[in-house]
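# Fold and contact review
These are the residues of each chain, in order.
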Amino acid sequence: MTKAESTSGKADPYLLQLQRFDAAEIEELRKALELAKDIAIEWLHKGMMAGQSKKELERRLEIFLNPEKTKSHGRAIFFDRAKQTGLKVELIKIDDELANMISELYERTDLAVSTDLCKVVESAQYNFGLNVPPTFRHPEVSTTHEEQE
């Protein structure tokens, strides 16, 4: 919208692109991003990074919180960069049994969020998944195990 407003030429190409977007959906996505940020900061403030101010946590964790830094939600953030944030991370050898279990958990979670769920949350005490809202389901993707049988 800013480019459309500031252009000295025709704004039509910008306006055509903007027609594809739903303002209400964009606002919901912004709220979801803010909620995720609030939850992450709060949990780290009470747990692993207790004793640090929320402002300091936000500054240190910007690589995770600012999509402009990684360009993609799925982009890898490697050990050295994660360690620089102050997170308590441990480097595990690729052939370690724990690495194999983590890989399997990742693959199963990835499958779940690629079909039935839009979010999976797990801790030592709890786990749950949020179903994909019907309006966001891809028509070719089966969303229940019963449909697959």
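Remember, it's a predicted structure, so these values are computed and weren't measured experimentally. Numbers given to residues run from 1 along each chain, matching the order in which its sequence is written. For this predicted model, a pLDDT threshold of at least 70 governs which residues receive local features, and a threshold of 80 or more governs which side-chain atom pairs are given and counted, while totals over whole chains, interfaces and linings are taken from all residues. Computation of side-chain values: all heavy atoms of the structure, hydrogens and water removed.

## Let's talk about the overall build of the protein
Secondary structure summary: the protein contains nine helices and two strands in total. Each residue's exposure class comes from its accessible area (1.4 Å probe, protein chains only) as a fraction of the maximum for that residue type: buried when under 20%, exposed when over 50%, partly exposed otherwise. With 149 residues in all, the protein has 13% of them scored as buried. Residue contacts are defined here by distance: any two heavy atoms, one from each residue, within 4.5 Å place the two residues in contact. Taking the contacts inside the protein whose residues are at least 6 apart along the sequence as the reference set, 25% of them involve residues at least 24 apart. Values of accessible area rely on a 1.4 Å probe in the Shrake-Rupley scheme; residue burial ignores everything except the protein chains shown. Surface exposure of the protein reaches about 12,700 Å², of which carbon and sulfur atoms provide 55%. Counting from the N terminus, the helices are the DSSP runs of H or I reaching at least four residues and the strands are the DSSP runs of E reaching at least two.

## Focus: the pattern of salt bridges
Pairs can form between side chains of opposite charge once their charged atoms are near each other. Salt bridge, as used here, is a side-chain nitrogen of Lys or Arg placed within 4 Å of a carboxyl oxygen of Asp or Glu. Inspection of the entire model under this criterion finds seven salt bridges. The shortest N-O distance in the salt bridge between Arg-59 and Glu-56 comes to 2.7 Å. Taken together, the positions of Arg-59 and Glu-56, both in helix H4 (residues 54–60) and three residues apart, correspond to about one turn of that helix. Salt bridges linked by common partners bring Glu-42, Lys-46 and Lys-54 together as one network.

## Here's the deal with the pairing of strand S2 (residues 127–131)
We call two strands paired when DSSP finds no fewer than two bridges between them. In this structure, strand S1 (residues 117–122) lies alongside S2, joined through five bridges in antiparallel fashion. By the bridge assignment for S2, Lys-119 is matched with Leu-130.

## A closer look at a positive patch on the surface
Patches draw on residues past 30% relative accessible area with no salt bridge. Two like charges within 9 Å are joined, as are two nonpolar side chains (Val, Leu, Ile, Met, Phe, Trp, Tyr) within 5 Å. The charge count treats Lys and Arg as positive and Asp and Glu as negative. His and the chain ends do not count. Just so you know, the charge point we use is NZ for Lys, CZ for Arg, CG for Asp and CD for Glu. Together, Lys-69, Lys-71, Arg-75 and Arg-81 give the surface a local cluster of positive charge. Assignment of secondary structure puts Lys-69 in helix H6 (residues 67–70).

## Some words on the environment of Leu-18
Mapped onto the elements, Leu-18 comes out in helix H2 (residues 12–18). On a C-alpha basis, the gap between Leu-18 and Ala-4 in space is 9.4 Å, while along the polypeptide they are 14 residues apart.

## A closer look at helix H8 (residues 97–115)
To estimate the expected span of a helix, count its residues, drop one, and scale the result by 1.5 Å. End to end, H8 covers 28 Å across 19 residues, agreeing with the expected 27 Å (1.5 Å per residue, within 8%). Side-chain atoms alone can form a polar contact between residues adjacent in sequence; in general such a contact is a pair of N or O atoms within 3.5 Å, and within protein one must be able to donate a hydrogen while the other accepts it. The opening residue of H8, the one whose side-chain oxygen lies 2.8 Å from the backbone nitrogen of Leu-98, is Asp-96.

## A few points about the confidence of the model for the protein
On a range of 0 to 100, pLDDT expresses the predictor's confidence in each residue. Per-residue pLDDT for the protein has a mean of 83; in total, 89% of the residues score no lower than 70. Highest mean pLDDT in the protein belongs to H4 (94); lowest belongs to helix H9 (residues 145–148) (44). Between residues 141–149, whose pLDDT stays under 50, and residues either more than four places distant or in other chains, the model counts 11 contacts.

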